[in-house]
Amino acid sequence: MMATDGLNGLLVICLMGAVTLLTRFGGVLVMSVVPINQRVESFINAMSGSVLIAILVPVAVEGDMAARMALLATAAVMLAVRRPMPAIAAGISVAAGWRYLM
Amino acid sequence: MSTAVSVMPGLTLAGIGQGFWRLLPLSMFVVVFGLAYGLAAVQTGLTPLQTVFMSFAVFAGTAQFAALELWGGQIPVIPLLVTTFAINARHLLMGASLYPWLKQVPATQRFGSMLVLSDANWAMTLNDCQRGKPNLGLLVGGGMALWVTWMGGTLLGMTFGNLIANPARFGLDMVMGCFMLSMVFGGRKSLRMVLAWCVAALTAWLAYRYLPENTHVVVGAIGGGLVGLFWMEKPAEPKAGRADK
């Protein structure tokens, strides 16, 4: 645990930036030593969506009904039109509408 | 066995300029995401300096939204960094996919261009490379266009966010969640991916219930990743990466 006020927060962000930079340089660095094999690639591809799902679990479980409906609307629109912008807009509108009406 | 790789010319100022203008129209969408991030960051309680600095130094939208989920008076640093790595691990694949062309240019250009590696400029650059017209200026100039618009959007959202008294009433507390979910469903979908997501959701939920706080993200990421480790893609499938941003 670390405090997030003022400079401490900036330090936390610096660490985040360093980790992100490592991922930006890492692909080229690793490839110059040993090629990334298919199994590792498959693991990374499966993990990249999974981490987002994992973050959303508490939102879906603990959130109010409006939050759940918003996620549902986002998923539905995303599957239908495959564009993030309308999907996010739909989610937000549903959350706002649900809270206004219910 | 190696397939012929086209020659990657070195970086030129003119090339960077062309790349910048080629990606600028697409980058306008990034302004909207930056705006959403700025808004969410203000709601979460980041100071204006912290909000802008995160866009400046991290420059990875999804990871920044995820950081806001964990942000509070105190922040669990290790889960934050592991989450950041897991979300940005796709950069590893993106960099690796460009390696056949990048290895032809000097190391300063190779690593310098990786500083602005992002989803949209990577996808366009890889496309050009594979069509036999490798162009490092597109990666760098396009990355700069994305970075500038991301920063601009963040500033706008920060200003705008301060004006809204009760964001939940307008559904704005769901910006983060909806953004992340749209990124999940924007990626390649297959039975394998759906299984990975289900495993991720289930293991994350169990960890959320029964394990110490903030472990659910790491547990879910590894749980889903293991599905990929043991159930591999067919070799014929195209390489790497989700389209983000």
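The notes below deal with the structure included here. Since the model is a prediction, treat every value here as computed from it, not as a measurement.

## Structural notes on the interface of chain B and chain A
The interface is formed by 95 residues belonging to chain B together with 68 residues belonging to chain A. When chain B packs against chain A, close to 7,200 Å² is buried across both sides, 76% of that on carbon and sulfur atoms. Where chain B touches chain A, the interface holds one salt bridge. Between D173 of chain B and R99 of chain A there is a salt bridge whose closest N-O contact spans 2.9 Å. Linking chain B to chain A there are 17 residue pairs in polar contact (both at pLDDT 80 or more). Along the lines of polarity and charge, the residues of the side of chain B that touches chain A split into 62 nonpolar, 21 polar and twelve charged. Two elements, strand β1 (residues 2-3) of chain A and strand β1 (residues 74-75) of chain B, share two bridges in a ladder whose sense is antiparallel. Across the sheet, M2 of chain A pairs through a bridge with I75 of chain B, a residue of β1 of chain B.

## Quick notes on unusual backbone geometry
Phi at R82 of chain A takes a positive value of approximately 60 degrees, unusual for a residue other than glycine. Position of R82 of chain A relative to the elements: it lies in the loop between α3 (65-81) and α4 (84-101).

## Digging into the nonpolar core
Grouped together as the largest cluster of nonpolar side chains are 77 residues, with contacts concentrated most on V51 of chain A together with Y37, M54, F65 and M174 of chain B. Residue contacts for M174 of chain B: discarding those within four places in its chain leaves V59, A67, A70, L71 and A95 of chain A. Core analysis: the second largest hydrophobic core is formed by 15 residues, V28 of chain A together with Y99, W122 and L136 of chain B among them.

## A short note on the packing of aromatic side chains
All names here are of chain B. For the coordinates displayed, the defined rule picks out nine aromatic pairs over all chains. Ring geometry for F20 against W21: centres 5.4 Å apart, planes inclined by 85 degrees, an arrangement best described as edge-to-face. By relative accessible area, which is 22% here, F20 ends up partly exposed. The class of W21 is exposed, set by a relative accessible area of 60%. Each ring, one from F56 and one from W147, has its centre 5.6 Å from the other, and the planes form 65 degrees; the classification is edge-to-face.

Definitions and limits used
- Residues numbered from 1 in each chain as written.
- Chains lettered and ligands numbered in written order.
- Predicted model: local features only at pLDDT ≥ 70, side-chain atom pairs only at ≥ 80, totals over all residues.
- Heavy atoms only, no water.
- Contact = heavy atoms within 4.5 Å.
- Buried area = accessible area lost by both parts, 1.4 Å probe.
- Salt bridge = Lys/Arg side-chain N within 4 Å of Asp/Glu carboxyl O.
- Polar contact = N/O pair within 3.5 Å; in protein donor to acceptor, adjacent residues only side chain to side chain.
- Nonpolar A, V, L, I, M, F, W, Y, C, P; charged D, E, K, R; others polar.
- Pairing = 2+ DSSP bridges.
- Helix = DSSP H or I, 4+ residues; strand = E, 2+ residues; numbered from the N terminus.
- Core = buried A, V, L, I, M, F, W, Y, C linked by side-chain atoms within 4.5 Å.
- Buried < 20%, exposed > 50% of the residue type's maximum accessible area, 1.4 Å probe, protein only.
- Phe/Tyr/Trp six-rings, centres within 6.5 Å; stacked < 30°, edge-to-face > 60°.

Geometric descriptors of this kind do not, in isolation, establish any biological role.
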